[in-house]
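Below, each chain spelled out in residue letters.
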There are 2 protein chains.
Amino acid sequence: MDTASSTEKIVKIDEGSIVSPKGFKADGLHSGVKKKRRDLGVIYCDGPASSAGVYTLNKIQAAPLYVTKESIAEEGILQAIIVNSGNANSCTGEEGMRDAYKMREEGASALNIPANRVAVTSTGVIGEKLNMDKIIPGIHQLKPQGTFSSADEFNEAIMTTDIVKKHSCYQTEIDGKLVTFGGVAKGSGMINPNMATMLGFVTTDASIEPQYLQQALSEVTDRTFNRITVDGDTSTNDMVVVMASGQAQNEALHPGHSQWNTFIEALCRTSEDLSKKIARDGEGATKLIEVNVRGAKNEEEAGKAAKQIAGSDLVKTAVYGTDANWGRIIVALGYSEIELNPDTIDISLGAIQTLKNSTPVVFSEENAKRYLEQDTVQIFVDLHVGSAEGKAWGCDLTYEYVRINAGYRT
Amino acid sequence: MDTASSTEKIVKIDEGSIVSPKGFKADGLHSGVKKKRRDLGVIYCDGPASSAGVYTLNKIQAAPLYVTKESIAEEGILQAIIVNSGNANSCTGEEGMRDAYKMREEGASALNIPANRVAVTSTGVIGEKLNMDKIIPGIHQLKPQGTFSSADEFNEAIMTTDIVKKHSCYQTEIDGKLVTFGGVAKGSGMINPNMATMLGFVTTDASIEPQYLQQALSEVTDRTFNRITVDGDTSTNDMVVVMASGQAQNEALHPGHSQWNTFIEALCRTSEDLSKKIARDGEGATKLIEVNVRGAKNEEEAGKAAKQIAGSDLVKTAVYGTDANWGRIIVALGYSEIELNPDTIDISLGAIQTLKNSTPVVFSEENAKRYLEQDTVQIFVDLHVGSAEGKAWGCDLTYEYVRINAGYRT
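What counts and what doesn't
- Residues numbered from 1 in each chain as written.
- Chains lettered and ligands numbered in written order.
- Predicted model: local features only at pLDDT ≥ 70, side-chain atom pairs only at ≥ 80, totals over all residues.
- Heavy atoms only, no water.
- UniProt positions renumbered as here; feature names shortened; annotations may be inferred.
- Helix = DSSP H or I, 4+ residues; strand = E, 2+ residues; numbered from the N terminus.
- Buried < 20%, exposed > 50% of the residue type's maximum accessible area, 1.4 Å probe, protein only.
- Contact = heavy atoms within 4.5 Å.
- 1 Å grid on protein atoms, 1.4 Å probe; cavity = no way out; pocket = protein on both sides within 12 Å on 5 of 7 lines; lining within 4 Å.
- Points joined across faces, edges and corners; volume = space filled by probe spheres on them.
- Nonpolar A, V, L, I, M, F, W, Y, C, P; charged D, E, K, R; others polar.
- Least-squares fit on C-alpha atoms with pLDDT ≥ 70 in both.
- Pairing = 2+ DSSP bridges.
- Axes fitted to C-alpha atoms, helices over the stretch in contact; angles between N-to-C directions.
- Salt bridge = Lys/Arg side-chain N within 4 Å of Asp/Glu carboxyl O.
- Domains from an automatic or database assignment.
- Buried area = accessible area lost by both parts, 1.4 Å probe.
- Polar contact = N/O pair within 3.5 Å; in protein donor to acceptor, adjacent residues only side chain to side chain.

Looking at an unreviewed UniProt entry, chain A carries the name Arginine biosynthesis bifunctional protein ArgJ, with the source organism given as Sinobaca qinghaiensis. In its Function (unreviewed entry) section, UniProt records this for chain A: "Catalyzes two activities which are involved in the cyclic version of arginine biosynthesis: the synthesis of N-acetylglutamate from glutamate and acetyl-CoA as the acetyl donor, and of ornithine by transacetylation between N(2)-acetylornithine and glutamate." For chain A, the Subcellular location (unreviewed entry) comment in UniProt is given as "Cytoplasm".

What follows is the structure, encoded as structure tokens:
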């Protein structure tokens with residue numbers, strides 16, 4: 001994994017948000033799609049912002065994804081993202097496509113910008129027609145502002161069964177200019193009658209051309225959003241969009257820029273922070289599980305193995321039960337389809353080594369149990385077949401997960 | 001899927017077992033690896049039996065798998081399978097290999113047959129040395145017999161957290177000779193500190209050369225044992241072995257034999273019956289879920305899609321909650337990495353259609369709920385992209401699964 005030479009200068013801003021980078025405003029309100037809570041929001045940029053997106057790999061994709069892809073494909077520029085929650089506009093056929101386009105048009109008209117500079121996103125029930133009679137008037141009531149509370153209202157408007165709000169902010173310097181990254185995300189709350197939709201939106205005032213922004217986002221997503229797992233299901237609506245206003249006035253970034261790695265690293269930290277918050281807020285979860293795999297053949301295999309462990313129901317239940325069950329970890333590793341040597345595997349739970357060279361190590365079950373009672377549980381694996389490393393994040397599997405998912409619709 | 005021309009003549013024998021085919025005997029006893037229950041068993045053939053095996057795809061494999069593969073590789077002939085439960089002899093290093101070889105030698109000596117005609121299998125705790133002081137005397141006390149009760153004792157001896165015994169028997173005629181298939185299996189009970197090991201043993205008195213038996217077993221396993229899922233984890237000890245005594249005296253079977261398909265189909269039914277019993281007895285399960293996917297590009301993709309649906313935690317919890325949640329089914333389909341057309345998918349829960357051409361159908365939630373309360377829930381999917389079909393089996397995900405797996409070791 002590349003790391004920035006100036007890593008020490010990438011700083012977390014606790015009170016920052018998606019409106020912290022220059023040029024961005026936001027809003028969120030209750031339009032009536034949901035009964036009571038906010039269900040419609042906007043992120044707005046006062047000038048053209050280079051934009052890039054990554055989308056669910058599910059072959060069934062909701063209507064707004066097609067429309068957003070079309071908008072970004074046009075110029076690589078967005079000025080607004082309109083999001084509703086409560087209804088995913090998925091499995092809704094041609095009518096759903098018409099509604100997604102209509103949402104985009106109304107957003108463009110309300111904000112007085114071209115339609116192709118508007119992205120649209122929906123999350124919620126699938127198989128039901130979008131409530132356009134609520135959404136259209138709602139769009140015209142949106143009043144984007146640059147305050148933390150407006151960003152917070154946007155955050156609320158994209159939540160479904162999320163328990164906590166998820167936002168993040170980092171700052172660094174590029175070309176001597178202060179560059180800020182703001183992020184907001186939802187997931188992994190269940191969507192009736194569907195599942196854990198994940199949405200992520202990142203704003204930055206960095207200057208960067210759309211094609212390089214897309215390259216950066218794809219690279220960062222592979223190391224962050226694509227490394228979280230709650231129950232292994234991918235939604236029809238998953239999407240991450242990044243907008244870069246350029247108002248920090250650094251020299252335009254590209255892979256040959258001397259601080260390209262700094263930019264990647266800052267975007268990565270923002271995304272990783274959001275990813276961990278999503279995993280920790282997984283349905284019914286009581287703990288965040290972070291798996292670190294080292295000594296892999298390459299970064300892709302390290303990430304794959306880490307995600308297989310983080311996603312194993314048997315590992316997840318063991319963590320819930322504070323059971324130092326290294327056997328389940330080595331087994332998940334064994335079926336992760338990566339290169340490994342069955343005789344050289346080390347496993348530690350936090351600082352407590354349980355397996356060395358694939359042979360059990362005597363350890364204190366009591367210490368291990370105490371460690372597993374923490375809110376964050378780190379699992380370390382060293383494969384000793386190469387020098388690459390990678391992380392993945394998940395959560396424990398609990399009675400509450402079963403309760404939420406067995407009892408939701410009925 | 002090929003079907004036998006004489007399908008109607010493949011008959012289930014309710015009272016049959018692994019000793020029903022000519023030449024086979026069995027026994028099971030308590031050696032002391034477990035506290036109280038039977039933990040050591042043998043299947044014995046009074047003459048050389050063509051044999052074939054399929055093994056876990058996990059890259060971490062237990063010692064007995066190496067020894068069994070070596071035995072079968074030597075001549076393709078076995079006369080005995082020795083199995084212990086309570087200890088998996090996995091992650092036990094060189095000492096584990098020595099113990100597995102010793103188990104094979106003692107079996108050969110006790111039964112007075114060559115060592116390479118003995119297979120060995122273990123299931124239970126991983127990472128602990130095999131209790132050879134219990135197993136060696138136990139092996140010498142085994143007295144294989146041809147009675148149903150001796151087969152039943154073998155069945156008990158391979159159980160771990162299995163709740164029910166799993167056996168199966170089918171008969172057909174080949175070349176005018178009565179050919180019998182007997183099967184026994186264990187799984188998917190959890191193995192401390194590990195997981196759902198699946199073992200399957202099939203006996204038949206058909207006459208068939210080892211290489212064709214291997215071909216048949218591999219083909220059948222792809223359609224049966226490889227199509228079941230409890231929690232997606234594969235064990236270090238999974239194994240299916242088939243032994244064919246040849247004592248039915250049919251002409252030796254090969255793919256050009258006019259009744260090759262009858263043989264395949266009978267082996268398939270025996271294996272499918274065991275597979276369903278394993279899925280239904282999944283940890284904490286209250287229901288068997290059978291997924292039928294039709295209209296796929298090829299049989300492999302049909303099976304892959306069916307297994308993805310049967311293995312989705314969200315589908316499993318919905319079935320547990322008797323929630324007619326077709327959205328979760330189409331979503332699982334969408335990420336199953338098969339060829340599909342997002343606009344032509346039909347889904348039915350039992351006889352109740354919920355989705356036609358990817359568009360929701362109005363259905364009675366009450367009828368659907370009543371159907372989902374059955375012990376066996378069938379999900380039908382038609383992709384309309386080809387003409388292949390395939391099935392997979394799983395079980396619901398319940399509070400009890402979490403209880404068993406969170407609380408086992410501690």
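Read on, since the account is not over.
(A) Representation of the environment of K356 of chain B within the structure. Residue and element names in this part refer to chain B. Tracing the chain through its elements places K356 in strand 12 (residues 352–356). Its relative accessible area of 43% is what places K356 among the partly exposed residues. Expressed as a C-alpha distance, the spacing of K356 and T344, which sit 12 residues apart in the sequence, is 7.3 Å. In this structure, K356 is in contact with I345, D346 and V361, ignoring residues within four places of it in sequence.

(B) Just empty space enclosed by the protein, in detail. Residues and elements named next belong to chain B. Applying the stated criterion to the full structure yields 4 cavities of 30 Å³ or more. Within this model, the largest cavity holds a volume of roughly 70 Å³. Lining the largest cavity we find V315, A318, V319, D323, A324, N325, R328, I329, L349, L372, V377 and I379. Only helix 8 (313–320), helix 9 (326–334) and strand 14 (376–382) provide two or more residues apiece to the lining of the largest cavity. Looking at which element gives the most residues to the lining of the largest cavity, the answer is helix 8, with 3 residues. Of the residues assigned to the lining of the largest cavity, the class counts are 9 nonpolar, 1 polar and 2 charged.

(C) Representation of the relation of the copies chain A and chain B within the structure. With an RMSD of 0.0 Å, the operation that places chain A on chain B is a rotation of 180° combined with a shift of 0.0 Å along the axis. Taken together, the rotation angle and the small translation identify this as a two-fold axis. Among all C-alpha atoms of chain A, that of Y399 of chain A lies closest to the rotation axis, at 2.7 Å.

(D) Highlighting the sheet that holds strand 15 (residues 388–395) of chain B. Residues and elements named next belong to chain B. Spatially, the 6 strands line up as an open sheet ordered 13-12-11-14-10-15, and their pairing is mixed. Edge positions in the sheet fall to strand 13 (359–360) and strand 15, since each of these pairs with one other strand and no more. The pairing of strand 10 (residues 288–296) with strand 14 spans 7 bridges and is classified as parallel. When the bridges of strand 14 are listed, V293 appears paired with V381. On the sheet, helix 6 (residues 260–280) packs against strand 10, strand 14 and strand 15 and is oriented at approximately 40° with respect to strand 15.

(E) Structural view of the pattern of salt bridges. Residues and elements named next belong to chain A. Summed over the entire model, instances satisfying the criterion amount to 48 salt bridges over all chains. For the salt bridge of D99 with K129, the shortest nitrogen-to-oxygen distance reads 3.0 Å. Of this pair, D99 sits in helix 2 (residues 93–111) while K129 sits in the loop between strand 5 (118–125) and helix 3 (132–141), and the two are 30 residues apart along the sequence. Of the residues examined, D99 reaches a relative accessible area of 8% and is grouped as buried.

(F) Focus on the domain arrangement of chain A. Residues and elements named next belong to chain A. Taken domain by domain, chain A holds domain 1 (7–278) and domain 2 (288–407). A straight line from the C-alpha centre of domain 1 to that of domain 2 covers 31 Å. Taken together, the 11 residues of domain 1 in the interface contact 17 residues of domain 2. Carbon and sulfur atoms supply 54% of the area buried between domain 1 and domain 2, which totals about 1200 Å² over both sides. Where K391 meets E272, a salt bridge forms, and the shortest distance between an N and an O atom there is 3.9 Å.

(G) Representation of the interface of chain A and chain B. Contact with chain A, which involves 53 residues of that partner, is made by 53 residues of chain B. Summing both partners gives a buried area of about 4500 Å² for chain A against chain B, and 59% of it is carried by carbon and sulfur. Counting across the chain A and chain B interface gives 6 residue pairs in polar contact (both at pLDDT 80 or more). Mapped onto the side of chain A that touches chain B, the elements with two or more residues apiece are helix 8 (313–320), helix 9 (326–334) and helix 11 (399–407) of chain A.

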